[in-house]
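So the chains spell out like this:
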Amino acid sequence: MRVIARDGEHEIEIQRSRFLCTVARVTSVDEANAVIARVRRAGPNANHHCVALRIGDPETGALTARSNDDGEPSGTAGVPMLEVLTRRELTDVVAVVSRWFGGIKLGAGGLVRAYSSVLSETLDVLGELRRVRHRELLLALPHDRAGRLENQLRNSPYRLRGVEYGSDVTFTVAVQEGAVEEFEAWLAEQVGDTLDVLDAGPCDLYLP
């Protein structure tokens, strides 16, 4: 799944109307609603706050997609915004475009182009990443063997997310889902033995 690289805003002016686009990464409809409410509070004198959102469930693959024209002619604002998000295959995202009317009517086609353009430009500015499901694995080694393995992990395709020093050294490693057996085989080659690996559950990483 693709996500935005960071939250942000971008503004354009068309025929004296201001279009301010706010885009944020969210993981639930409640989070999206909080962003929408924040944008409304920040621009109480805007004529419209049009919305599109897409939120995916990494467990089931289900997708929630919604849009709102907020008083603009039906299908001229929220729908084309949602089409932009869909075309880019983005998820976990809410986009709000606030419009301050400048006195010149744009017509249905002009509105569609305006709302699509400001969102597309905003996404180009913010950039995109991939959301990739991983498993978080825990493994422990004695101190006298841990240094070598740490170096090997840092130079491997696996992602070392943490090192904890106690009676042993415990490593937290993120391994892409479906590659756990491959990792365990790699690990056995590095340490010359079979280590107990604890699966701590799923985690999502955001990658270029």
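Scoring rules and cut-offs
- Residues numbered from 1 in each chain as written.
- Predicted model: local features only at pLDDT ≥ 70, side-chain atom pairs only at ≥ 80, totals over all residues.
- Heavy atoms only, no water.
- Helix = DSSP H or I, 4+ residues; strand = E, 2+ residues; numbered from the N terminus.
- Contact = heavy atoms within 4.5 Å.
- Polar contact = N/O pair within 3.5 Å; in protein donor to acceptor, adjacent residues only side chain to side chain.
- Phe/Tyr/Trp six-rings, centres within 6.5 Å; stacked < 30°, edge-to-face > 60°.
- Lys NZ or Arg CZ within 6 Å of the ring centre and 35° of its normal.
- Pairing = 2+ DSSP bridges.
- Axes fitted to C-alpha atoms, helices over the stretch in contact; angles between N-to-C directions.

Peer 1: When you look at the environment of glutamate 11 in this model, what are you seeing that I'm missing?
Peer 2: Take glutamate 11: it is sitting in strand 2 (residues 8-14). In this structure the C-alpha to C-alpha distance between glutamate 11 and valine 118, which are 107 residues apart in sequence, comes to 6.9 Å. Those residues in contact with glutamate 11 that sit more than four places away from it in its chain are Arg18, Phe19 and Leu20. Within polar-contact distance, the side chain of glutamate 11 engages the side chain of arginine 18 at 2.8 Å.

Peer 1: I tried to follow the packing of aromatic side chains on my own but got confused; where do I start?
Peer 2: Describing an aromatic ring pair means giving the distance of the ring centres and the angle of the ring planes. Taken as a whole and assessed by the stated rule, the structure comprises four aromatic pairs. Positioned over the ring face of tyrosine 206 is arginine 25, at 4.1 Å from the centre of the ring.

Peer 1: What should I look at first to understand the sheet that holds strand 5 (residues 63-68) in this one?
Peer 2: What links the strands of a sheet is backbone hydrogen bonding, and the strands pair in either a parallel or an antiparallel sense. In space, the five strands of this open sheet follow the order 2-3-6-4-5, with antiparallel pairing throughout. Lying at the two open borders of the sheet, with one neighbouring strand each, are strand 2 and strand 5. Between one strand axis and the next, the sheet turns by 10° as a mean value, whatever way the strands run. In this structure, strand 4 (residues 48-56) lies alongside strand 6 (residues 93-100), joined through seven bridges in antiparallel fashion. Each bridged residue has a counterpart across the sheet, and for histidine 48 the counterpart in strand 6 is arginine 99. Sitting on the sheet, helix 2 (residues 78-87) touches strand 4, strand 5 and strand 6, and the angle it makes with strand 4 is about 30°.

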